[in-house]
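# Working through the structure, step by step
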Amino acid sequence: MTDQKNNKAIHISLWIAQGLLAIMFLMAGVMKISQPIETLAQSLPWVNSTPTGLVRFIAISEFLGGLGIILPSILRIKPFLTIWAAIGLALVMLLAAIFHGVRGEFSAIGMNFVLFLLAIFVAWGRHKKSIITAKT
């Protein structure tokens, strides 16, 4: 019985983590895709010294990662893609932390680290602990 409760708790925790990641990355992606660079630079100063193409690439990557972390699991269509999305988002956060560290923007690294841990948790959990099976 305890094992079943643990599995249910992990399953629920994974859905919460997936939801949080989806919201964060979808919002960040939409913001970086839709706003002019000048407007974006007011809230994200690093945008001024980063090529526009890279900013938009990051935006698209975040948006697609936000979709990938939730849709395959909800729809149960190729749910293994959730694991790959989580790994991709973890990589994005690792690279973001390095980028901000090199620039001396240490206050941004905390959020990168939290999102990195959430993404790793989802990748591990959906691969090992609470696997979602595809619809048949």
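The coordinates are above.
Residues numbered from 1 in each chain as written. Predicted model: local features only at pLDDT ≥ 70, side-chain atom pairs only at ≥ 80, totals over all residues. Heavy atoms only, no water.

## A closer look at helix α3 (residues 52–68)
Over its 17 residues, α3 runs 24 Å from end to end, which matches the ideal 24 Å to within 8%, given 1.5 Å per residue. Within α3 the residues assigned to the buried category are V55, A59, E62, G65, G66 and G68. (Helix = DSSP H or I, 4+ residues; strand = E, 2+ residues; numbered from the N terminus. Expected span 1.5 Å × (residues − 1). Buried < 20%, exposed > 50% of the residue type's maximum accessible area, 1.4 Å probe, protein only.)

## Describing the side chain of N112
Topologically, N112 is positioned in helix α6 (residues 109–129). Leave out the neighbours within four places in its chain, and N112 touches M93, A96, A97 and H100. (Contact = heavy atoms within 4.5 Å.)

## Concerning the nonpolar core
Soluble, globular proteins show a tendency: their nonpolar side chains are buried together. Counting residues in hydrophobic clusters, the biggest one holds 18 residues, and the most contacted among them are L21, F25, I69 and V122. The set of elements that each furnish at least two residues to this core consists of α1 (2–34), α5 (80–102) and α6. If sequence neighbours within four positions are ignored, V122 has contacts with L14, A17, Q18, L21, I69, T82 and A86. (Core = buried A, V, L, I, M, F, W, Y, C linked by side-chain atoms within 4.5 Å.)

## Remarks on a nonpolar patch on the surface
Side chains of I23, M24, M27, M111 and V114 sit close together on the surface and give an oily, nonpolar patch of about 460 Å² of accessible area. Counting residues per element, the nonpolar patch draws most heavily on α1, which supplies 3 residues. Among the secondary structure elements, M111 is positioned in helix α6. (Patch = residues over 30% accessible without salt bridge, like charges linked within 9 Å, V, L, I, M, F, W, Y side chains within 5 Å. Areas by Shrake-Rupley, 256 points an atom, 1.4 Å probe, with all protein chains shown as cover. Salt bridge = Lys/Arg side-chain N within 4 Å of Asp/Glu carboxyl O.)

## A closer look at the side chain of T82
Along the chain, T82 turns up in helix α5. A relative accessible area of 0% means that T82 is categorised as buried. Polar side-chain contacts of T82 include one of 2.8 Å to the side chain of S73. Ignoring anything within four residues of it in the chain, the contact list for T82 reads Q18, G68, I69, P72, S73, V122 and R126. (Polar contact = N/O pair within 3.5 Å; in protein donor to acceptor, adjacent residues only side chain to side chain.)

## Description of the packing of α3 against α5
Contact pair α3 / α5: the axes reach a minimum separation of 8 Å and the direction vectors enclose 145°. Both α3 and α5 take part in a crossing whose hand is left-handed. Within the contact between the two elements, α3 uses G65, G66 and G68 and α5 uses L81, T82, A85 and L89. Tallied by class, residues from the contact of α3 with α5 come to 3 nonpolar, 4 polar and no charged. (Axes fitted to C-alpha atoms, helices over the stretch in contact; angles between N-to-C directions. Left-handed = near helix turned anticlockwise from the far one by under 90°. Nonpolar A, V, L, I, M, F, W, Y, C, P; charged D, E, K, R; others polar.)

## Considering unusual backbone geometry
The phi dihedral of R76 is positive, around 55°, even though this residue is not glycine. Here R76 lies in the loop between α4 (71–75) and α5. Even without being a glycine, K78 presents a positive backbone phi close to 50°. Secondary-structure assignment places K78 in the loop between α4 and α5.

## Thoughts on α5
Between its terminal C-alpha atoms α5 stretches 34 Å, which fits the 33 Å expected from 23 residues at 1.5 Å a residue. Listed as buried for α5 are T82, I83, A85, A86, L89, A90, M93, A96, A97 and H100. At the exit of α5 stands G104, carrying a positive phi of roughly 75°.

## Quick look at the packing of aromatic side chains
Applying the stated rule across the entire model yields 2 aromatic pairs. Ring geometry for W46 and F99: centres 5.7 Å apart, planes at 80°, overall edge-to-face. One end of the pair, W46, is in the loop between α2 (37–43) and α3; the other, F99, is in helix α5, and 53 residues separate them in sequence. Judged by its relative accessible area of 9%, W46 is buried. For the ring pair F121 and W124, a centre distance of 6.1 Å and an interplane angle of 35° mean the geometry is tilted. With F121 and W124 both in helix α6 and 3 residues apart, the pair spans about one turn of that helix. We classify F121 as partly exposed; its relative accessible area is 26%. By relative accessible area, which is 39% here, W124 ends up partly exposed. Of note, R126 hangs over the ring of W15, and the distance from its end group to the ring centre comes to 4.9 Å. (Phe/Tyr/Trp six-rings, centres within 6.5 Å; stacked < 30°, edge-to-face > 60°. Lys NZ or Arg CZ within 6 Å of the ring centre and 35° of its normal.)

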